[in-house]
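So you can see what is in the structure, the chains are spelled out below.
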Amino acid sequence: MIDMKLMRTAKRILEKLESHGYEAYMVGGCVRDFLLKLPVQDIDICTSARPEQVMNMFERTVPTGLKHGTVTVVEAGIPFEVTTFRTEQGYSDYRRPDWVHFVDSLRQDLSRRDFTINAMAMDRFGRIYDYFDGQRDLKRKVIRTVGEPEDRFEEDALRMFRAVHFSGQLGFSVEPEVLNAIQNQRQLLEKVARERITQEFQKLMQAPFVEHGLRTLISSRIATDIPPFCYIQEGLNEASRYSMQGLTEPERWALLLCHVPGEHRMQFLRGLRLTKKFVKKVKRLLDILDSYESIVQAEQIPAYDLICLGEEDAVSLLKLNQLRFTQSLDINVEQQVKAVLKQLPIRHPQELCVNGKDLQTFLNRPPGPWIQKALNRLAKAVVEGKVANDPEQIRAYVMEDEHDE
Ligand SMILES: Nc1ccn([C@@H]2O[C@H](COP(=O)(O)OP(=O)(O)OP(=O)(O)O)[C@@H](O)[C@H]2O)c(=O)n1
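Residues numbered from 1 in each chain as written. Predicted model: local features only at pLDDT ≥ 70, side-chain atom pairs only at ≥ 80, totals over all residues. Heavy atoms only, no water.

Draft legend 1. Local environment of the overall build of the chain. Across its full length, the chain holds 20 helices and eleven strands. The globule rule puts the C-alpha radius of gyration for 405 residues at 22 Å, and the 28 Å found for the chain is more than 25% above it. Along the first, second and third principal axes, the C-alpha atoms of the chain reach 90 × 50 × 35 Å. Looking at the 405 residues of the chain, the share that counts as buried comes to 49%. A sequence separation of at least 24 residues applies to 64% of the contacts in the chain between residues at least 6 apart. (Helix = DSSP H or I, 4+ residues; strand = E, 2+ residues; numbered from the N terminus. Rg over C-alpha atoms; globule rule 2.2 N^0.38 Å. Buried < 20%, exposed > 50% of the residue type's maximum accessible area, 1.4 Å probe, protein only. Contact = heavy atoms within 4.5 Å.)

Okay, here's the thing in structure tokens:
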């Protein structure tokens, strides 16, 4: 599965670089995904040309990382990262090389990469350059470092988390020797910026084999004592037992965190660099799960609660509870919620045909917090069939209601 325009355009760039006497290849994740017949989102290119030569050769370029040899070439509206063959040295912060050396050989460039499955190149004729048995590891479904795992992880500690992410992305296992190195060197992750760790964890949570990746995270021992993962140990153990296939990303996070005690949930979420909007969504789902523990069918949700939850959150609640309590997910959940909502006179409290001003007029009362309370009570009465959603009938009902109080 490859976007033909993307591939054609990449080949044009390779051809141009070659026509100027340089070597050029597609490299890294795109070759891995191409060989696995997975969708290829973007194509990285490596070349023997130096950044200034690349910049002179193409019309639209952006100097995105000149120091590290990277120029973004924009062709047919598509950006391609074109990086000069390089080796890296001196990783005093365990994150970025202190300096890079431009080199002339593809093999040297591939030898500095993290995993064998990420260290392959492909030329414009589709020939594969695989010096570290990446293709064999793709067949064996293993994640193995190029060279000694200890060295690779000392260079960039994030690679330990990348191994976990790729195991969830591809459903691969981490080679025992590599897993052993992660267990021994996991403390180095504390030196990595939380933004980078967050990105890898998010990729893991979106991955097709997320449960497998979560099990790898457990066996890596990263969650044993590395913050913020040490706060979600119970969640990892529980959530990795479910199939998360049919869940959205916030639902997956909620399933992971609903097994974690309250204060640890917050420590975990605060320990990552997530958007406020995402955290709010996950927290809302967690609150809903805590409030409706045993509900697994749309009909079991009280009518007024259903319209307050809304369709999206009601569907999430049922999916998550079905997984937790029945171990299987009914694929018709959405239709069931829709069907129940359709039978109700209103599907949202705001569909009430009177507003706060009307209530003030009916009762001749000054504005105040009573209005919202009264509107909620009314919405409840309407969905429960005690009064029709009709201004006159509501007026009579409200007056009577006031007498009763
Ligand atoms: N810490 C890192 C990060 C990246 N790479 C190399 O740089 C390539 C590109 O990295 P990146 O875009 O982060 O990952 P991809 O492998 O392309 O995977 P994906 O984009 O699918 O996450 C990787 O394939 C790998 O060869 C590396 O060696 N060490």
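Resuming the write-up.
Draft legend 2. Region of interest: the domain arrangement of the chain. Entries for the chain in the domain assignment read domain 1 (1-140), domain 2 (142-271) and domain 3 (350-404). Inter-centroid distance (C-alpha atoms) of domain 1 to domain 3 is 66 Å. (Domains from an automatic or database assignment.)

Draft legend 3. View of helix α17 (residues 333-343). Regarding α17, the residues found buried are V333, V337, V340 and L341. All buried residues of α17 fall inside an arc of 100° around its axis, so they share one side. Along α17, the residues that are exposed and aim more than 90 degrees away from the buried face are K342 and Q343. Looking at the buried positions of α17, the neighbouring elements they touch are α16 (303-326). (Arc of directions from axis to C-beta.)

Draft legend 4. Region of interest: the UniProt feature "binding site: ATP" (unreviewed entry) in the chain. Sites flagged by UniProt as "binding site: ATP" (unreviewed entry) map to G29, R32, R113, D156, R159 and R162. You can see G29 is positioned in helix α2 (residues 29-35). Overall, G29 belongs to the partly exposed group, its relative accessible area being 24%. Relative to the elements of secondary structure, R113 occurs in the loop between α4 (106-111) and β8 (121-122). The class of R113 is buried, set by a relative accessible area of 14%. Beyond its immediate chain neighbours, meaning those up to four positions away, R113 contacts V27, G28, C46, N118, A119, V146, R152 and R159. A polar contact of 2.9 Å, which involves the side chain of R113, links it to the side chain of D109. (UniProt positions renumbered as here; feature names shortened; annotations may be inferred. Polar contact = N/O pair within 3.5 Å; in protein donor to acceptor, adjacent residues only side chain to side chain.)

Draft legend 5. Highlighting the nonpolar core. Core analysis: the biggest nonpolar cluster contains 118 residues, and L17, I43, F161, F201, F229 and W253 have the highest contact counts within it. At ten residues, the largest contribution of residues to this core is made by α16. Look past the residues within four positions of F161 in its chain and what remains in contact with it is L189, I197, E200, F201, L217, I222 and F229. L106, L110, A121 and F132 belong to the second largest nonpolar core, which has eleven residues in total. (Core = buried A, V, L, I, M, F, W, Y, C linked by side-chain atoms within 4.5 Å.)

Draft legend 6. Representation of the packing of helix α14 (residues 262-271) against helix α15 (residues 276-291) within the structure. At a minimum axis separation of 12 Å, α14 and α15 run at an interaxial angle of 165°. Between α14 and α15, the angle falls in the class roughly antiparallel. For the pair α14 and α15, the crossing hand works out as right-handed. For the pair α14 and α15, contact is made by R265, M266 and L269 and by V279, K283, L286 and D290, respectively. Residues belonging to the contact of α14 with α15 are distributed by class as follows: four nonpolar, no polar and three charged. (Axes fitted to C-alpha atoms, helices over the stretch in contact; angles between N-to-C directions. Parallel < 35°, antiparallel > 145°, perpendicular 65-115°, else oblique. Left-handed = near helix turned anticlockwise from the far one by under 90°. Nonpolar A, V, L, I, M, F, W, Y, C, P; charged D, E, K, R; others polar.)

Draft legend 7. Structural detail: the pairing of strand β4 (residues 70-75). Burial of β4 is extensive: six of the six residues sit out of reach of the surface. Here β4 shows no split at all, with T70, T72 and V74 on one side and V71, V73 and E75 on the other all buried. When strand β3 (residues 61-65) meets β4, the two strands line up antiparallel, connected through three bridges. Its bridge partner lying in β4, V62 is registered against T72. Joining the antiparallel neighbours β3 and β4 is a turn of four residues, in which G69 adopts a positive phi near 90°. In this antiparallel pair of consecutive strands, β4 and strand β5 (residues 78-84), the connection spans two residues, and A76 shows a positive phi of 50°. (Pairing = 2+ DSSP bridges.)

Draft legend 8. Focus on a negative patch on the surface. Among the surface-exposed residues, E148, E150, D151, E154 and E177 lie close enough to one another that they form a single negatively charged patch. Residue contributions to the negative patch peak at three residues, all from helix α6 (residues 149-155). For D151, the location among the structural elements is in helix α6. Judged by its relative accessible area of 43%, D151 falls in the partly exposed class. (Patch = residues over 30% accessible without salt bridge, like charges linked within 9 Å, V, L, I, M, F, W, Y side chains within 5 Å. Areas by Shrake-Rupley, 256 points an atom, 1.4 Å probe, with all protein chains shown as cover. Salt bridge = Lys/Arg side-chain N within 4 Å of Asp/Glu carboxyl O. Lys, Arg positive; Asp, Glu negative; His and termini not counted. Charge placed at Lys NZ, Arg CZ, Asp CG, Glu CD.)

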